[in-house]
Amino acid sequence: MTIMDEKTRTSLNPAQYSTIGKVAVEKLESIRSKMLDNTATEEDRLLGRLLEEITALAKNRISVTANESDFSKGSDVWVERTEGHFPHIRLHGGALEDDPIKSL
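Quick caveat: nothing in here was measured; it's all calculated off a predicted structure.

So what exactly am I meant to see when it comes to the side chain of D44 here?
Relative to the elements of secondary structure, D44 occurs in helix α3 (residues 42-72). Side-chain polar atoms of D44 contact the backbone nitrogen of T41, separated by 3.0 Å. Once residues within four sequence positions are removed from consideration, D44 is found in contact with I31, K34, M35 and T39.

What is the right way to look at α3 in this model?
Since the α-helix advances by 3.6 residues per turn, residues separated by three or four positions end up pointing in the same direction. Taking 1.5 Å of rise per residue, 31 residues should cover 45 Å, and α3 covers 45 Å from first to last C-alpha, within 8% of that figure. Of the residues making up α3, those classed as buried are D44, G48, L51, L57, R61, V64 and E68. On the buried face of α3, the contacting elements are α2 (14-36).

Just to check I follow, could you spell out a nonpolar patch on the surface for this structure?
A cluster of nonpolar side chains, contributed by L47, L50 and I54, occupies part of the molecular surface with about 250 Å² of accessible area. For L50, the position within the fold is in helix α3. A relative accessible area of 48% places L50 in the partly exposed class.

Help me understand the pattern of salt bridges in this model?
Between side chains of opposite charge, a pair can form when the charged atoms approach closely. Throughout the structure, instances matching the rule amount to three salt bridges. Across the salt bridge formed by K34 and D44, the nearest N and O atoms sit 3.3 Å from each other. Highlighted residues: K34 in helix α2 and D44 in helix α3, separated in sequence by 10 residues.

Please explain the environment of L28 as it appears in this structure.
Its location among the elements puts L28 in helix α2. Counting along the chain gives 19 residues from L28 to L47, while the straight-line C-alpha distance between them is 8.1 Å. Those residues in contact with L28, other than ones at most four positions away along the chain, are G48, L51, E52 and T55.

In this structure, what is going on with the confidence of the model for the protein chain? I would like to understand it.
Reading fine detail from the predicted coordinates is not recommended where pLDDT is low. Model confidence for the protein chain is summarised by a mean pLDDT of 77, while 68% of its residues fall at 70 or above. Averaged pLDDT values for the elements of the protein chain fall to 71 in helix α1 (residues 6-10) and rise to 95 in α2. Note that pLDDT drops below 50 for residues 89-99; the model gives that stretch 21 contacts with residues more than four away or on any other chain.

Honestly, the packing of α2 against α3 in this entry has me stumped. Any pointers?
The packing of two helices is summarised by the inter-axis angle and the distance between the axes. Remark: α2 packs on α3, axes separated minimally by 9 Å, with the N-to-C direction vectors making an angle of 135°. By the angle class used here, α2 and α3 are oblique. At the point where α2 passes α3, the crossing takes the left-handed sense. Judged by residue contacts, A24, K27, L28, I31, R32, K34 and M35 of α2 engage D44, R45, L47, G48, L51, E52 and T55 from α3. Considered class by class, the residues forming the contact of α2 with α3 number six nonpolar, two polar and six charged.

What counts as what
- Residues numbered from 1 in each chain as written.
- Predicted model: local features only at pLDDT ≥ 70, side-chain atom pairs only at ≥ 80, totals over all residues.
- Heavy atoms only, no water.
- Helix = DSSP H or I, 4+ residues; strand = E, 2+ residues; numbered from the N terminus.
- Polar contact = N/O pair within 3.5 Å; in protein donor to acceptor, adjacent residues only side chain to side chain.
- Contact = heavy atoms within 4.5 Å.
- Expected span 1.5 Å × (residues − 1).
- Buried < 20%, exposed > 50% of the residue type's maximum accessible area, 1.4 Å probe, protein only.
- Patch = residues over 30% accessible without salt bridge, like charges linked within 9 Å, V, L, I, M, F, W, Y side chains within 5 Å.
- Areas by Shrake-Rupley, 256 points an atom, 1.4 Å probe, with all protein chains shown as cover.
- Salt bridge = Lys/Arg side-chain N within 4 Å of Asp/Glu carboxyl O.
- pLDDT = per-residue confidence, 0-100.
- Axes fitted to C-alpha atoms, helices over the stretch in contact; angles between N-to-C directions.
- Parallel < 35°, antiparallel > 145°, perpendicular 65-115°, else oblique.
- Left-handed = near helix turned anticlockwise from the far one by under 90°.
- Nonpolar A, V, L, I, M, F, W, Y, C, P; charged D, E, K, R; others polar.

The structure is reproduced here in C-alpha cells:
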C-alpha cells in the first residue's frame, strides 16, 4: 500500500477528489451489500466502519461550507463561529482544521 504524501495530496484537483469520493462510496456500497448477504469478512466490516466515518465527515464538511457560503450572502443560517475563524467541525478524529474546502 502506498501512502499519499503531502505534495501529492495537495496537488489533487477537484475532479480527482470527486473520483476518489465516488470510488469510496462505491466501495462502501459493496461492503454493505456483503453485510446484507452475510458474506462480509471482519476486514470488510472494519473498512466499512472507516468509510462510513469518512462519509459522515465529508457530508458534515459540505454542509458547513454551504452554510458558511449562505451566511456570507446574508442568509439566516446557523453557523458556529469564533472571531476570525470559519465554522468549527466538532467531530472527533480526522476532521480537518477550521479552513473551508478548497476548490469546490
